[in-house]
Amino acid sequence: MASVHVATTVNGDVTEFVCQPGETLLDVLRNRLGLTGAKEGCGTGDCGACSVTVDGQLVCSCLVLGAEAEGRKIGTIEGLADGDTLHPLQTQFINHAALQCGICTPGFLVAAKALLDRNSSPTEEEVRFALAGNLCRCTGYDKIVRAVNAAAKDVRKQQARVKKAAGKRR
Amino acid sequence: MRYEAPTTTREAVSLMAKAKGKAFVLAGGTDLLVRMKSGVIEPDLIVDIKRIEATQSIKQTAGGFRIGAAVSGAAMAKSAALCKAWPGVVEAANLIGSDQIQGRCTIAGNLCNASPAADSVPAMVAAGAKAVVVGPKGRRTVAVEKIATAPGKTSLAKGEIVEAITLPKRPAKTGDAYLRFIPRSEMDIAVVSAGVCLTLNAKGEISKARVVLGAVAATVVLVPQAAKAIIGSRLDDDALAELAAACGKACKPINDMRGTIEFRTDVAGVLARRAAKIAYQRAGGK
(Lines give C-alpha, C1' and ligand atoms only; values in the text may rest on other atoms or scores of the structure.)
Protein backbone atom coordinates (compact mmCIF):
# COMPACT_ATOMS: atom_id res chain seq x y z
CA MET A 1 0.00 0.00 0.00
CA ALA A 2 1.54 3.23 -1.17
CA SER A 3 0.82 6.10 1.22
CA VAL A 4 -0.54 9.31 -0.23
CA HIS A 5 0.82 12.73 0.66
CA VAL A 6 -1.90 15.37 0.78
CA ALA A 7 -1.67 19.15 1.05
CA THR A 8 -4.97 20.78 1.94
CA THR A 9 -6.61 23.55 3.95
CA VAL A 10 -8.61 22.75 7.06
CA ASN A 11 -10.62 25.58 8.65
CA GLY A 12 -8.38 28.07 6.88
CA ASP A 13 -5.11 26.50 8.03
CA VAL A 14 -2.74 25.01 5.47
CA THR A 15 -2.34 21.38 6.49
CA GLU A 16 -0.39 18.40 5.24
CA PHE A 17 -0.82 14.76 6.05
CA VAL A 18 0.10 11.32 4.84
CA CYS A 19 -2.64 8.71 4.68
CA GLN A 20 -3.44 5.31 3.25
CA PRO A 21 -5.19 5.41 -0.17
CA GLY A 22 -8.35 3.81 1.21
CA GLU A 23 -8.52 5.93 4.34
CA THR A 24 -11.57 8.18 4.68
CA LEU A 25 -11.36 11.91 5.28
CA LEU A 26 -13.22 11.27 8.55
CA ASP A 27 -10.47 8.94 9.77
CA VAL A 28 -7.81 11.42 8.67
CA LEU A 29 -9.49 14.29 10.52
CA ARG A 30 -9.99 12.28 13.69
CA ASN A 31 -6.92 10.07 13.84
CA ARG A 32 -4.22 12.07 12.05
CA LEU A 33 -5.23 15.70 12.57
CA GLY A 34 -6.78 15.38 16.04
CA LEU A 35 -10.03 16.99 14.92
CA THR A 36 -12.45 14.69 16.71
CA GLY A 37 -15.54 16.86 16.38
CA ALA A 38 -16.81 14.96 13.34
CA LYS A 39 -18.14 11.60 14.55
CA GLU A 40 -18.53 8.23 12.92
CA GLY A 41 -22.13 7.12 13.35
CA CYS A 42 -22.96 4.74 10.52
CA GLY A 43 -19.94 5.01 8.22
CA THR A 44 -22.25 4.71 5.21
CA GLY A 45 -23.49 8.27 4.65
CA ASP A 46 -26.86 7.78 6.32
CA CYS A 47 -26.52 9.55 9.68
CA GLY A 48 -24.61 12.78 8.96
CA ALA A 49 -22.62 12.74 12.22
CA CYS A 50 -19.43 13.12 10.17
CA SER A 51 -20.68 16.15 8.19
CA VAL A 52 -17.99 18.56 6.95
CA THR A 53 -17.73 20.90 3.99
CA VAL A 54 -15.40 20.37 1.03
CA ASP A 55 -14.95 23.57 -1.01
CA GLY A 56 -18.05 24.87 0.75
CA GLN A 57 -20.17 21.85 -0.19
CA LEU A 58 -21.76 19.84 2.63
CA VAL A 59 -20.68 16.18 2.51
CA CYS A 60 -20.34 13.12 4.72
CA SER A 61 -16.61 12.82 5.47
CA CYS A 62 -17.02 9.05 5.88
CA LEU A 63 -17.74 8.87 2.13
CA VAL A 64 -14.74 11.00 1.07
CA LEU A 65 -11.22 9.63 0.79
CA GLY A 66 -8.51 11.57 2.59
CA ALA A 67 -6.57 11.56 -0.69
CA GLU A 68 -9.40 13.50 -2.34
CA ALA A 69 -8.73 16.47 -0.02
CA GLU A 70 -5.65 17.49 -2.04
CA GLY A 71 -5.92 21.21 -2.81
CA ARG A 72 -9.44 21.48 -1.40
CA LYS A 73 -10.77 23.62 1.43
CA ILE A 74 -12.16 21.52 4.27
CA GLY A 75 -14.46 23.02 6.89
CA THR A 76 -15.20 21.17 10.14
CA ILE A 77 -17.13 21.87 13.34
CA GLU A 78 -13.86 23.07 14.92
CA GLY A 79 -13.97 26.07 12.57
CA LEU A 80 -17.52 27.12 13.40
CA ALA A 81 -16.86 29.33 16.45
CA ASP A 82 -14.81 32.50 16.04
CA GLY A 83 -12.21 31.99 18.75
CA ASP A 84 -14.13 32.11 22.03
CA THR A 85 -17.23 33.53 20.39
CA LEU A 86 -19.71 30.81 19.60
CA HIS A 87 -21.60 30.83 16.31
CA PRO A 88 -25.29 31.77 16.79
CA LEU A 89 -26.17 28.16 15.94
CA GLN A 90 -24.03 26.89 18.82
CA THR A 91 -25.51 29.47 21.23
CA GLN A 92 -29.06 28.61 20.24
CA PHE A 93 -28.44 24.86 20.46
CA ILE A 94 -27.44 25.50 24.09
CA ASN A 95 -30.36 27.88 24.73
CA HIS A 96 -32.86 25.39 23.31
CA ALA A 97 -31.22 22.33 24.88
CA ALA A 98 -31.11 20.95 21.35
CA LEU A 99 -28.80 18.12 22.32
CA GLN A 100 -28.74 15.26 24.74
CA CYS A 101 -25.97 12.73 24.20
CA GLY A 102 -24.23 15.12 21.78
CA ILE A 103 -22.90 12.61 19.24
CA CYS A 104 -24.97 13.98 16.38
CA THR A 105 -24.54 17.64 17.37
CA PRO A 106 -21.38 18.56 15.40
CA GLY A 107 -22.95 17.12 12.24
CA PHE A 108 -26.20 19.00 12.83
CA LEU A 109 -24.31 22.26 13.37
CA VAL A 110 -22.22 21.88 10.20
CA ALA A 111 -25.30 20.96 8.16
CA ALA A 112 -27.36 23.78 9.66
CA LYS A 113 -24.55 26.25 8.91
CA ALA A 114 -24.57 25.07 5.26
CA LEU A 115 -28.33 25.69 5.18
CA LEU A 116 -28.11 29.19 6.71
CA ASP A 117 -25.28 30.11 4.33
CA ARG A 118 -27.61 29.62 1.37
CA ASN A 119 -30.91 30.55 3.04
CA SER A 120 -30.94 32.66 6.19
CA SER A 121 -34.76 32.61 6.41
CA PRO A 122 -35.66 28.92 6.18
CA THR A 123 -39.16 27.77 7.04
CA GLU A 124 -39.57 24.94 9.53
CA GLU A 125 -40.19 22.58 6.62
CA GLU A 126 -37.02 23.73 4.86
CA VAL A 127 -35.01 23.15 8.04
CA ARG A 128 -36.43 19.66 8.42
CA PHE A 129 -35.64 18.77 4.79
CA ALA A 130 -32.15 20.28 4.97
CA LEU A 131 -31.38 18.27 8.11
CA ALA A 132 -32.93 15.03 6.83
CA GLY A 133 -29.42 13.63 6.38
CA ASN A 134 -28.65 14.05 10.09
CA LEU A 135 -30.03 11.50 12.51
CA CYS A 136 -30.60 12.18 16.21
CA ARG A 137 -31.87 9.39 18.41
CA CYS A 138 -32.35 11.54 21.54
CA THR A 139 -34.09 14.84 20.98
CA GLY A 140 -36.95 14.05 18.63
CA TYR A 141 -35.69 16.89 16.38
CA ASP A 142 -38.16 19.58 17.51
CA LYS A 143 -35.66 21.37 19.74
CA ILE A 144 -33.03 21.22 17.01
CA VAL A 145 -35.38 22.72 14.44
CA ARG A 146 -36.38 25.51 16.86
CA ALA A 147 -32.73 26.22 17.64
CA VAL A 148 -31.88 26.51 13.92
CA ASN A 149 -34.78 28.90 13.30
CA ALA A 150 -33.74 31.01 16.31
CA ALA A 151 -30.14 31.07 15.07
CA ALA A 152 -31.36 32.08 11.62
CA LYS A 153 -32.97 35.13 13.22
CA ASP A 154 -29.66 35.97 14.95
CA VAL A 155 -27.75 35.54 11.70
CA ARG A 156 -30.16 37.86 9.89
CA LYS A 157 -29.70 40.48 12.63
CA GLN A 158 -25.94 40.13 12.30
CA GLN A 159 -26.18 40.51 8.53
CA ALA A 160 -28.34 43.64 8.92
CA ARG A 161 -25.78 45.14 11.35
CA VAL A 162 -22.93 44.44 8.94
CA LYS A 163 -24.90 45.98 6.07
CA LYS A 164 -25.70 49.08 8.13
CA ALA A 165 -22.06 49.50 9.17
CA ALA A 166 -20.95 49.12 5.54
CA GLY A 167 -23.51 51.76 4.54
CA LYS A 168 -22.15 54.21 7.11
CA ARG A 169 -18.60 53.73 5.87
CA ARG A 170 -19.70 54.76 2.41
CA MET B 1 -4.65 -0.41 -3.03
CA ARG B 2 -3.59 2.52 -5.18
CA TYR B 3 -5.33 5.89 -5.54
CA GLU B 4 -4.88 7.86 -8.76
CA ALA B 5 -6.42 11.19 -9.72
CA PRO B 6 -5.57 11.76 -13.39
CA THR B 7 -6.33 15.09 -15.09
CA THR B 8 -7.29 13.74 -18.51
CA THR B 9 -9.84 11.15 -19.61
CA ARG B 10 -7.17 9.46 -21.73
CA GLU B 11 -4.99 8.93 -18.66
CA ALA B 12 -7.95 7.61 -16.66
CA VAL B 13 -8.82 5.15 -19.43
CA SER B 14 -5.22 4.00 -19.67
CA LEU B 15 -5.06 3.41 -15.90
CA MET B 16 -8.33 1.46 -15.96
CA ALA B 17 -7.31 -0.55 -19.03
CA LYS B 18 -3.86 -1.48 -17.73
CA ALA B 19 -4.99 -2.22 -14.18
CA LYS B 20 -4.12 -5.62 -12.83
CA GLY B 21 -6.76 -6.73 -10.38
CA LYS B 22 -9.91 -4.86 -9.55
CA ALA B 23 -10.11 -1.24 -10.66
CA PHE B 24 -12.96 1.12 -9.90
CA VAL B 25 -13.86 4.62 -11.01
CA LEU B 26 -14.48 7.12 -8.21
CA ALA B 27 -16.80 10.03 -8.97
CA GLY B 28 -19.01 10.97 -6.00
CA GLY B 29 -18.11 7.84 -4.05
CA THR B 30 -21.52 7.56 -2.41
CA ASP B 31 -21.91 4.00 -3.65
CA LEU B 32 -18.24 3.01 -4.08
CA LEU B 33 -17.09 3.86 -0.54
CA VAL B 34 -20.10 2.15 1.02
CA ARG B 35 -19.32 -1.01 -0.95
CA MET B 36 -15.63 -0.81 0.00
CA LYS B 37 -16.44 -0.44 3.69
CA SER B 38 -18.90 -3.31 3.75
CA GLY B 39 -16.26 -5.52 2.14
CA VAL B 40 -18.38 -6.22 -0.95
CA ILE B 41 -15.49 -4.98 -3.08
CA GLU B 42 -11.77 -4.78 -2.40
CA PRO B 43 -10.30 -2.48 -5.05
CA ASP B 44 -6.67 -2.73 -6.13
CA LEU B 45 -6.95 0.62 -7.90
CA ILE B 46 -9.25 3.60 -7.54
CA VAL B 47 -9.29 6.14 -10.35
CA ASP B 48 -10.75 9.43 -9.13
CA ILE B 49 -12.15 11.24 -12.18
CA LYS B 50 -13.01 14.52 -10.44
CA ARG B 51 -9.75 16.21 -11.52
CA ILE B 52 -10.58 15.75 -15.22
CA GLU B 53 -11.89 18.98 -16.71
CA ALA B 54 -14.37 17.24 -19.01
CA THR B 55 -16.14 15.67 -16.02
CA GLN B 56 -16.53 18.81 -13.96
CA SER B 57 -19.12 21.02 -15.57
CA ILE B 58 -22.55 21.30 -17.13
CA LYS B 59 -22.26 22.68 -20.64
CA GLN B 60 -25.07 23.91 -22.83
CA THR B 61 -24.31 22.86 -26.39
CA ALA B 62 -26.06 23.21 -29.73
CA GLY B 63 -27.34 19.67 -29.21
CA GLY B 64 -28.58 20.21 -25.64
CA PHE B 65 -26.73 19.64 -22.39
CA ARG B 66 -23.52 17.86 -21.49
CA ILE B 67 -23.33 16.95 -17.82
CA GLY B 68 -19.84 15.88 -16.73
CA ALA B 69 -19.56 12.56 -14.92
CA ALA B 70 -18.35 14.25 -11.72
CA VAL B 71 -21.14 16.86 -11.56
CA SER B 72 -23.04 16.45 -8.29
CA GLY B 73 -26.79 16.48 -7.79
CA ALA B 74 -26.42 19.75 -5.90
CA ALA B 75 -24.60 21.30 -8.88
CA MET B 76 -27.37 20.15 -11.24
CA ALA B 77 -29.96 21.87 -9.05
CA LYS B 78 -27.98 25.11 -9.34
CA SER B 79 -28.14 25.12 -13.16
CA ALA B 80 -31.22 27.22 -13.95
CA ALA B 81 -31.10 26.31 -17.65
CA LEU B 82 -30.98 22.58 -16.94
CA CYS B 83 -33.79 22.81 -14.36
CA LYS B 84 -35.93 24.68 -16.87
CA ALA B 85 -35.29 22.29 -19.77
CA TRP B 86 -35.38 18.95 -17.95
CA PRO B 87 -37.10 19.39 -14.57
CA GLY B 88 -37.90 15.67 -14.34
CA VAL B 89 -34.25 14.67 -14.67
CA VAL B 90 -33.09 17.22 -12.09
CA GLU B 91 -35.86 16.30 -9.65
CA ALA B 92 -35.01 12.61 -9.99
CA ALA B 93 -31.31 13.30 -9.37
CA ASN B 94 -32.15 15.47 -6.37
CA LEU B 95 -34.23 12.70 -4.78
CA ILE B 96 -31.06 10.71 -4.13
CA GLY B 97 -30.15 10.81 -0.44
CA SER B 98 -29.64 13.81 1.80
CA ASP B 99 -28.03 17.22 1.20
CA GLN B 100 -24.73 15.59 2.21
CA ILE B 101 -25.16 12.90 -0.45
CA GLN B 102 -26.32 15.50 -3.00
CA GLY B 103 -23.01 17.26 -2.52
CA ARG B 104 -21.24 14.23 -3.99
CA CYS B 105 -23.57 11.90 -5.89
CA THR B 106 -23.57 11.97 -9.69
CA ILE B 107 -26.02 10.76 -12.34
CA ALA B 108 -23.18 9.01 -14.20
CA GLY B 109 -22.38 7.13 -10.99
CA ASN B 110 -26.05 6.38 -10.43
CA LEU B 111 -26.11 4.89 -13.94
CA CYS B 112 -22.88 2.87 -13.61
CA ASN B 113 -23.83 1.51 -10.18
CA ALA B 114 -26.54 -0.28 -12.19
CA SER B 115 -29.17 -0.53 -9.49
CA PRO B 116 -32.65 -1.20 -10.91
CA ALA B 117 -33.93 1.30 -8.31
CA ALA B 118 -31.57 4.12 -9.36
CA ASP B 119 -33.65 7.30 -9.19
CA SER B 120 -32.07 9.33 -11.94
CA VAL B 121 -32.00 6.56 -14.56
CA PRO B 122 -35.71 6.26 -15.50
CA ALA B 123 -35.85 10.05 -15.84
CA MET B 124 -32.70 10.06 -18.01
CA VAL B 125 -34.02 7.26 -20.23
CA ALA B 126 -37.38 9.05 -20.61
CA ALA B 127 -35.56 12.23 -21.65
CA GLY B 128 -33.46 10.36 -24.21
CA ALA B 129 -30.16 10.82 -22.39
CA LYS B 130 -26.95 9.34 -23.76
CA ALA B 131 -23.73 8.32 -22.06
CA VAL B 132 -20.41 9.48 -23.52
CA VAL B 133 -18.23 6.41 -23.06
CA VAL B 134 -14.48 6.64 -23.52
CA GLY B 135 -12.33 3.53 -23.73
CA PRO B 136 -9.03 2.22 -25.07
CA LYS B 137 -10.59 1.94 -28.54
CA GLY B 138 -11.93 5.48 -28.53
CA ARG B 139 -15.13 7.22 -27.82
CA ARG B 140 -18.74 6.13 -28.33
CA THR B 141 -22.08 7.61 -27.44
CA VAL B 142 -24.63 5.13 -26.25
CA ALA B 143 -28.24 5.38 -25.07
CA VAL B 144 -28.40 5.37 -21.28
CA GLU B 145 -30.75 2.35 -21.28
CA LYS B 146 -27.98 0.25 -22.89
CA ILE B 147 -25.55 0.71 -19.98
CA ALA B 148 -27.03 -1.41 -17.16
CA THR B 149 -27.51 -5.07 -18.08
CA ALA B 150 -28.39 -6.56 -14.67
CA PRO B 151 -28.22 -5.44 -11.03
CA GLY B 152 -24.63 -4.20 -10.54
CA LYS B 153 -23.61 -5.15 -14.09
CA THR B 154 -22.94 -2.83 -17.03
CA SER B 155 -22.13 -3.17 -20.71
CA LEU B 156 -18.92 -1.15 -20.24
CA ALA B 157 -15.81 -3.01 -21.39
CA LYS B 158 -12.56 -3.09 -19.41
CA GLY B 159 -10.99 0.34 -19.48
CA GLU B 160 -14.18 2.11 -20.50
CA ILE B 161 -15.46 4.99 -18.40
CA VAL B 162 -18.44 7.31 -18.69
CA GLU B 163 -17.10 10.82 -19.20
CA ALA B 164 -20.43 12.64 -19.40
CA ILE B 165 -24.17 12.30 -19.82
CA THR B 166 -25.83 14.23 -22.61
CA LEU B 167 -29.41 15.39 -22.75
CA PRO B 168 -30.97 16.54 -26.02
CA LYS B 169 -32.21 20.06 -26.50
CA ARG B 170 -35.76 19.95 -25.21
CA PRO B 171 -38.11 19.88 -28.21
CA ALA B 172 -41.00 22.35 -28.29
CA LYS B 173 -44.11 21.40 -26.29
CA THR B 174 -42.26 18.74 -24.36
CA GLY B 175 -42.37 17.95 -20.67
CA ASP B 176 -40.81 15.35 -18.40
CA ALA B 177 -41.48 14.10 -14.89
CA TYR B 178 -40.30 11.45 -12.46
CA LEU B 179 -42.05 10.01 -9.42
CA ARG B 180 -41.11 7.26 -7.01
CA PHE B 181 -42.88 5.48 -4.21
CA ILE B 182 -41.11 5.22 -0.85
CA PRO B 183 -42.72 4.60 2.54
CA ARG B 184 -41.14 7.74 4.00
CA SER B 185 -41.05 11.31 2.72
CA GLU B 186 -37.34 11.29 1.79
CA MET B 187 -34.01 9.47 2.24
CA ASP B 188 -35.08 6.10 0.90
CA ILE B 189 -34.66 3.76 -2.06
CA ALA B 190 -37.44 3.60 -4.64
CA VAL B 191 -39.85 0.70 -4.18
CA VAL B 192 -41.29 1.54 -7.61
CA SER B 193 -40.62 4.53 -9.85
CA ALA B 194 -41.75 5.98 -13.15
CA GLY B 195 -40.30 8.53 -15.57
CA VAL B 196 -42.31 10.00 -18.42
CA CYS B 197 -41.37 12.38 -21.21
CA LEU B 198 -43.91 13.46 -23.79
CA THR B 199 -44.30 15.89 -26.68
CA LEU B 200 -47.53 17.50 -27.88
CA ASN B 201 -48.51 18.43 -31.42
CA ALA B 202 -50.19 21.69 -32.47
CA LYS B 203 -53.60 20.27 -31.54
CA GLY B 204 -52.43 19.49 -28.00
CA GLU B 205 -52.39 15.73 -28.58
CA ILE B 206 -49.46 13.63 -27.49
CA SER B 207 -47.30 12.98 -30.55
CA LYS B 208 -44.29 11.35 -28.89
CA ALA B 209 -43.80 9.68 -25.53
CA ARG B 210 -41.33 7.65 -23.54
CA VAL B 211 -42.48 5.82 -20.43
CA VAL B 212 -39.88 4.20 -18.17
CA LEU B 213 -40.23 2.16 -14.97
CA GLY B 214 -37.70 1.60 -12.20
CA ALA B 215 -37.36 -1.05 -9.47
CA VAL B 216 -39.77 -3.45 -11.18
CA ALA B 217 -37.23 -5.58 -13.11
CA ALA B 218 -33.52 -6.42 -13.20
CA THR B 219 -32.89 -3.15 -15.03
CA VAL B 220 -34.84 0.01 -15.62
CA VAL B 221 -37.44 -0.76 -18.32
CA LEU B 222 -38.54 1.35 -21.24
CA VAL B 223 -42.18 0.48 -21.99
CA PRO B 224 -43.07 1.28 -25.63
CA GLN B 225 -46.58 -0.19 -25.19
CA ALA B 226 -47.28 2.34 -22.44
CA ALA B 227 -46.10 5.16 -24.70
CA LYS B 228 -48.35 3.84 -27.48
CA ALA B 229 -51.30 3.91 -25.10
CA ILE B 230 -51.12 7.68 -24.71
CA ILE B 231 -49.83 8.75 -28.14
CA GLY B 232 -52.64 10.44 -30.07
CA SER B 233 -54.55 11.22 -26.87
CA ARG B 234 -54.94 14.24 -24.64
CA LEU B 235 -54.35 12.00 -21.66
CA ASP B 236 -58.04 11.20 -21.16
CA ASP B 237 -59.10 8.57 -18.63
CA ASP B 238 -59.16 5.75 -21.20
CA ALA B 239 -55.62 6.52 -22.34
CA LEU B 240 -54.42 6.71 -18.75
CA ALA B 241 -56.06 3.37 -17.91
CA GLU B 242 -54.40 1.79 -20.94
CA LEU B 243 -51.06 3.34 -19.91
CA ALA B 244 -51.36 1.89 -16.41
CA ALA B 245 -52.30 -1.54 -17.76
CA ALA B 246 -49.32 -1.56 -20.15
CA CYS B 247 -47.01 -0.60 -17.28
CA GLY B 248 -48.36 -3.42 -15.11
CA LYS B 249 -47.69 -5.90 -17.93
CA ALA B 250 -44.09 -4.71 -18.31
CA CYS B 251 -43.27 -5.35 -14.63
CA LYS B 252 -41.16 -8.33 -13.65
CA PRO B 253 -40.54 -7.36 -10.03
CA ILE B 254 -39.31 -9.30 -7.03
CA ASN B 255 -40.71 -9.68 -3.53
CA ASP B 256 -38.44 -8.12 -0.97
CA MET B 257 -38.59 -6.26 2.31
CA ARG B 258 -39.53 -3.06 0.51
CA GLY B 259 -42.46 -4.32 -1.55
CA THR B 260 -44.29 -7.31 -2.98
CA ILE B 261 -44.70 -8.27 -6.62
CA GLU B 262 -48.42 -7.39 -6.52
CA PHE B 263 -47.78 -4.01 -4.88
CA ARG B 264 -45.01 -3.03 -7.27
CA THR B 265 -47.03 -4.08 -10.32
CA ASP B 266 -50.02 -2.06 -9.20
CA VAL B 267 -48.11 1.04 -8.09
CA ALA B 268 -46.07 1.15 -11.34
CA GLY B 269 -49.27 2.01 -13.21
CA VAL B 270 -50.35 4.55 -10.59
CA LEU B 271 -47.01 6.37 -10.70
CA ALA B 272 -46.84 6.29 -14.50
CA ARG B 273 -50.30 7.91 -14.69
CA ARG B 274 -49.33 10.63 -12.21
CA ALA B 275 -45.96 11.28 -13.87
CA ALA B 276 -47.67 11.44 -17.28
CA LYS B 277 -50.08 14.07 -15.97
CA ILE B 278 -47.23 16.22 -14.66
CA ALA B 279 -45.27 15.82 -17.91
CA TYR B 280 -48.40 16.71 -19.90
CA GLN B 281 -48.89 19.88 -17.90
CA ARG B 282 -45.22 20.79 -18.28
CA ALA B 283 -45.52 20.29 -22.04
CA GLY B 284 -48.28 22.89 -22.02
CA GLY B 285 -51.19 20.45 -22.24
CA LYS B 286 -54.53 21.37 -20.72
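About the thresholds
- Residues numbered from 1 in each chain as written.
- Chains lettered and ligands numbered in written order.
- Predicted model: local features only at pLDDT ≥ 70, side-chain atom pairs only at ≥ 80, totals over all residues.
- Axes fitted to C-alpha atoms, helices over the stretch in contact; angles between N-to-C directions.
- Helix = DSSP H or I, 4+ residues; strand = E, 2+ residues; numbered from the N terminus.
- Parallel < 35°, antiparallel > 145°, perpendicular 65-115°, else oblique.
- Left-handed = near helix turned anticlockwise from the far one by under 90°.
- Contact = placed C-beta atoms within 7 Å.
- Nonpolar A, V, L, I, M, F, W, Y, C, P; charged D, E, K, R; others polar.
- Pairing = 2+ DSSP bridges.
- Buried ≥ 20, exposed ≤ 12 C-beta atoms within 10 Å, placed from the backbone.
- Core = buried A, V, L, I, M, F, W, Y, C linked by C-beta atoms within 7 Å.

With that out of the way, let us pick up the packing of helix H2 (residues 88–95) of chain A against helix H5 (residues 142–169) of chain A. Residues and elements named next belong to chain A. In contact at an axis separation of 8 Å, H2 and H5 are set at 140 degrees when each is read in the N-to-C sense. In terms of orientation, H2 and H5 fall into the oblique class. Between H2 and H5 lies a crossing of right-handed hand. When H2 is examined against H5, the residues Pro88, Leu89, Gln92 and Phe93 are found in contact with a partner set consisting of Ala147, Val148, Ala150, Ala151, Asp154 and Val155. Per-class residue counts for the contact of H2 with H5 are eight nonpolar, one polar and one charged.

This brings us to the interface of chain A and chain B. The interface is formed by 25 residues belonging to chain A together with 21 residues belonging to chain B. At the level of elements, strand S4 (57–60), helix H3 (105–118) and helix H4 (124–130) of chain A are the ones that each hand at least two residues to the side of chain A that touches chain B. When residues in the side of chain A that touches chain B are grouped by element, the largest group, four residues, is from S4(A). Along the lines of polarity and charge, the residues of the side of chain A that touches chain B split into 16 nonpolar, eight polar and one charged.

Residues and elements named next belong to chain B. An order of S11-S12-S13-S14 is seen for the four strands of this open sheet, with the pairing classed as antiparallel. In this open sheet, the two strands that pair with only one neighbour each are strand S11 (174–181) and strand S14 (221–222). In terms of strand pairing, strand S12 (residues 192–200) meets strand S13 (residues 206–214) through eight bridges, oriented antiparallel. Within S13, the position partnered with Ala194 by the bridge is Leu213. Of the strands in this sheet, S11 and S12 touch helix H6 (residues 87–94), which is tilted by about 25 degrees from S11.

This part is about unusual backbone geometry. Residues other than glycine predominantly adopt negative phi, and peptide bonds predominantly adopt the trans conformation. Positive phi outside glycine occurs at A:Ala97, with the angle close to 50 degrees. Since 11 C-beta atoms lie within 10 Å of it, A:Ala97 is described here as exposed. Phi is positive for B:Ala215, which is not a glycine, with a value near 65 degrees. As for its position among the elements, B:Ala215 is in the loop between S13 and S14.

Our next topic: the nonpolar core. Counting residues in hydrophobic clusters, the biggest one holds 149 residues, and the most contacted among them are B:Leu111, B:Val196, B:Leu213, B:Leu243, B:Cys247, B:Ala272 and B:Ala276. The residues touching B:Leu243, leaving out its near neighbours within four places in the chain, are B:Val211, B:Ala226, B:Ala229, B:Ile230, B:Ala272, B:Arg273 and B:Ala276.

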